Amino acid sequence: MKNIAVIGAGTMGNGIAHTFAQNDFKVQLIDVSQDALDRGLATITKNLDRMVAKEKITESDKQQTLDNITTYTAITEGVEYASLVIEAATENMEIKKKIFNQLDQDCPEDTILATNTSSISITQLAAATSRPEMVIGMHFMNPVPIMKLVEIINGYNTSQEVTDTVVELSKKLGKIPTAVNDYPGFVANRILMPMINEAIETLYNAVAGVQEIDTVMKLGMAHPMGPLQLADFIGLDVCLSILNVLYDGFKNPKYAPCPLLVNMVAAGKMGVKSGEGFYDYSENKKAEKVAGQFIK
């Protein structure tokens, strides 16, 4: 399995491509936009430069990693010889189903189709193909080149052979794969997102401020990052999307997104990527963001 196709050159996609390429896999990085591909490659180059500066890799290692990546704007061309395709597109069921349907038509019949989704049903995505036994979840953590965990999600029809292959492949990347079953949020986000949502509820109810909530969780629970800062890092829109998947999947009110989160996303406050969330990231300023105008 030396040819790996990655669909999507955004934060997760370029991180996945970086990780495979650095481990001497040939990577076909695919996105509909050449600008997105250029931004993805620029991010990979910047991250590799940081590793060179820290003497974790050599300049030669950096160049070899970049040489291992080829970019495409058409799925058909990029997946022609892929042994494994990892979809890392927008966290939207309908978009992902369309991609999986196309992959099913364009990929060789023995190609494994994986998704990096953080919460969407593997079984439903597999149903968009004629090879449900070959569909699996590979949920990498952000930042992909650094984080060790890969959550391996078995769909209802995923074969044991495919699971074993993906687990062994993940180990070759220096990752620690953990196999779970296909239910809303899987394990990581089924536990993490209600905690983040409760932290937002705590702020919404004026129990404490942003920094106070994060400080309690960092110092009291030994979390490396407070839940509100982590939400900013993940993206508040992504957090909202995952909570909606949990709420729709379980119909349990404990998963209902906090109104403060809903309002902040509606106002375009997405966290780090928009420059503002629970904290202010503009102009390299990381002062506490006062979310009071969203609390009614």
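Residues numbered from 1 in each chain as written. Predicted model: local features only at pLDDT ≥ 70, side-chain atom pairs only at ≥ 80, totals over all residues. Heavy atoms only, no water.

## Here we look at the side chain of Thr 65
Thought 1: Mapped onto the secondary structure, Thr 65 falls in helix α3 (residues 59–67).
Thought 2: Accessibility expressed as a relative area gives 3% for Thr 65, which makes it buried.
Thought 3: Those residues within four positions of Thr 65 in sequence are excluded, and the remaining contacts are His 18, Ala 21, Gln 22 and Leu 48. (Helix = DSSP H or I, 4+ residues; strand = E, 2+ residues; numbered from the N terminus. Buried < 20%, exposed > 50% of the residue type's maximum accessible area, 1.4 Å probe, protein only. Contact = heavy atoms within 4.5 Å.)

## Regarding the state of the cysteines
Thought 1: Summed over the entire model, instances satisfying the criterion amount to zero disulfides.
Thought 2: Among the cysteines around Cys 258, which has no disulfide bond, Cys 239 carries the closest sulfur, lying 12 Å off. (Disulfide = S-S within 2.5 Å.)

## Description of the UniProt feature "domain: 3-hydroxyacyl-CoA dehydrogenase NAD binding" (unreviewed entry) in the chain
Thought 1: As annotated by UniProt and renumbered to match this structure, "domain: 3-hydroxyacyl-CoA dehydrogenase NAD binding" (unreviewed entry) occupies residues 3–182.
Thought 2: Secondary structure content for residues 3–182 is 43% helix and 22% strand, and the end C-alpha separation is 26 Å. (UniProt positions renumbered as here; feature names shortened; annotations may be inferred.)

## Describing the pattern of salt bridges
Thought 1: Counted according to the given criterion, the structure contains eight salt bridges.
Thought 2: Ionic pairing is found between Lys 62 and Asp 49, a salt bridge with its closest N-O pair at 2.6 Å. Taken together, the residues Lys 62 in helix α3 and Asp 49 in helix α2 (residues 34–53) connect sequence positions 13 residues apart.
Thought 3: Residue Lys 96 pairs with Glu 91 through a salt bridge whose shortest N-O separation is 3.6 Å.
Thought 4: What makes Glu 91 partly exposed here is its relative accessible area of 22%.
Thought 5: Within the structure, one salt-bridge network assembled from shared partners comprises Asp 49, Glu 59 and Lys 62. (Salt bridge = Lys/Arg side-chain N within 4 Å of Asp/Glu carboxyl O.)

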